[in-house]
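Descriptive analysis of the structure
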Amino acid sequence: MSSPCATRTALAAALLCASFAASAQNLLIRNATVHTASAQGSLENADVLVSGGVVRAVGKGLSAPAGAQVIDAAGKPVTPTLFGGITEIGLEEVSGEKSTVDQTVALGADTKEMTVRPEFDVTLAYNPDSVLIPVTRIEGIGWTLLGAGTATGGSIVAGQGGVERLDGGADPIGPRVLFVRLGKDSLGLSGSSRAAQWMILDQLIDETRGRITPDNHAALLTPAGRAALQKYFGGGGRIVFGVDRAADIRQLLRWSSKHQLRIAIAGGAEGWRLAPQLAAAKVPVFVNPLSNLPSDFDQVGASMENAARLRAAGVAVGFSEGGASHNARKVRQLAGNAVAAGLPWADGLAGLTRVPAEAFGVAGEVGAIAPGKRADLVLWSGDPLDVASVALQVWMDGRAIQMRSRQTELRDRYLHPDNGLPRAYPLPAGR
């Protein structure tokens, strides 16, 4: 049996030999196990027809238009490109070099005063030329939610982000998302008290609704900040709350219901303890199934069955490791671990496709293989939730991307002594 890497190499060679004329967006993938991540479910021995960068049909026995590229999948799985989680891809290149880190605003850092700037929008700093993009993309990850972070001199309201497709384009798709951090990680931004976090949030509500006027000496928001928050308060845009402890989640559900907010939870290590309430409130939860030990006092009730228990109660479950931009490809491992701990396989895939697309307002474009959606597709060597499988080919808008990155180039340079490039190390004696 050939290895996944050997299969990937063979397919890449076949694609390079194919014709990539102007009609390259016309594509027919034949004889695949198509995991649509839609109401159609998974289809065996099925075809996917792409024209003009859009999926036109999914079914059996489809005919290729003249000039279309035809790929025989030989029964291998095809999925939509996967969600990479909430990350800083394109916002953080080298975490230790401040000039390459753009996901936080801390205008009060020098004075150690809290500054609340919800108008801060991290998508404005997105770098489509980041080396992290091809590294992530060749692993089958096609899109991510750029998240705003918190820091000393900022506030628990981190700012706004949005969905970026990892196709080399510069502009986000879909609506903006607001990020708020609660619990232990934000105690330094709220006077060392969880209660103060709700006090601050209540004041922001009062400011946006005119109960505290802009000229009040205690006002926290700029005019732009008030305008930004007004888009989210009262049932507007989605607000992602980073929170883990069950007590904090309970208070969040009460508070968001009172103010008619559309929320999602990132983290939710103890979310299973409030699964029925989360389901009733229709709050999607983006979990990290590898957080299965009490690493701190906000995660005493962490469980590897968190995702399975939430989903069994009716909660929409997605996956995110939380800022792991350089290892976003590990998101498949998160889903696979959740499945190993009892989550149905189809829900594991949905957590990387349909669930985040619906939660963040981009389901019309990505997150499923269905007519009318972007032809952002992945052909896999095997089960996409098994880390032993690899992405054989990724298509964005029906165009086959080069399955190479800085990491593969370094591998090839240092692995093969006959490639004409300098070796990293001298050959051992006798070789």
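Residues numbered from 1 in each chain as written. Predicted model: local features only at pLDDT ≥ 70, side-chain atom pairs only at ≥ 80, totals over all residues. Heavy atoms only, no water.

- The name an unreviewed UniProt entry gives the protein chain is Amidohydrolase family protein, with Lysobacter yananisis as the organism.

**Comments concerning the side chain of D248**
- Mapped onto the secondary structure, D248 falls in helix α5 (residues 246–258).
- The exposure class assigned to D248 is buried, which follows from its relative accessible area of 6%.
- In terms of polar contacts, D248 uses its side chain to reach the side chain of R194, at 2.7 Å.
- If we ignore the near neighbours within four places in the chain, the residues touching D248 are G183, R194, W198, V243 and D298. (Helix = DSSP H or I, 4+ residues; strand = E, 2+ residues; numbered from the N terminus. Buried < 20%, exposed > 50% of the residue type's maximum accessible area, 1.4 Å probe, protein only. Polar contact = N/O pair within 3.5 Å; in protein donor to acceptor, adjacent residues only side chain to side chain. Contact = heavy atoms within 4.5 Å.)

**Section: the nonpolar core**
- Ranked by size, the top nonpolar core spans 91 residues in total, and within it L182, L201, F241, L278, F319 and F360 carry the most contacts.
- When residues no more than four places from it in sequence are discounted, the contact partners of L278 are I249, L253, I265, G271, V283, V285, L310 and V315.
- Within the second largest apolar cluster, 19 residues are counted, among which are V34, A73, A375 and L377. (Core = buried A, V, L, I, M, F, W, Y, C linked by side-chain atoms within 4.5 Å.)

**Observations concerning α5**
- For α5, spanning 13 residues, the distance from its first C-alpha to its last is 19 Å, which sits close to the expected 18 Å at 1.5 Å a residue.
- Listing the buried residues of α5 in full gives A246, D248, I249, L252, L253, W255 and S256.
- Against the buried residues of α5 lie α3 (194–208), β10 (238–243), β11 (262–267) and α6 (275–280).
- Looking one or two residues past α5, Q260 carries a phi angle of roughly 55°, positive in sign. (Expected span 1.5 Å × (residues − 1).)

**Regarding the pairing of strand β6 (residues 82–87)**
- The buried fraction of β6 is high, at 6 of 6 residues.
- In this structure, β6 lies alongside strand β7 (residues 141–146), joined through 4 bridges in parallel fashion. Its bridge partner lying in β7, F83 is registered against W143.
- Once you follow β6 into helix α2 (residues 132–137) and on to β7, the crossover reads as right-handed. (Pairing = 2+ DSSP bridges. Right-handed = clockwise from strand over helix to strand, strands pointing away.)

**Let's talk about the pairing of strand β5 (residues 77–80)**
- Strand direction decides the pairing type here: strand β1 (residues 27–35) and β5, joined by 2 bridges, are parallel. Across the sheet, V34 pairs through a bridge with V78, a residue of β5.
- Summarising the sheet, β5 and strand β14 (residues 377–380) pair through 3 bridges and their orientation is antiparallel. Bridge pairing links V78 to L379 in β14.

**Brief notes about the packing of α3 against helix α4 (residues 223–230)**
- Where α3 contacts α4, the two axes come as close as 9 Å, and the packing angle between them is 100°. Looking at the two axes, α3 sits roughly perpendicular to α4. Contacts between α3 and α4 pair L204, E207 and T208 from the former with R226, L229 and Q230 from the latter.
- Here the residues of the contact of α3 with α4 are counted per class, giving 2 nonpolar, 2 polar and 2 charged. (Axes fitted to C-alpha atoms, helices over the stretch in contact; angles between N-to-C directions. Parallel < 35°, antiparallel > 145°, perpendicular 65-115°, else oblique. Nonpolar A, V, L, I, M, F, W, Y, C, P; charged D, E, K, R; others polar.)

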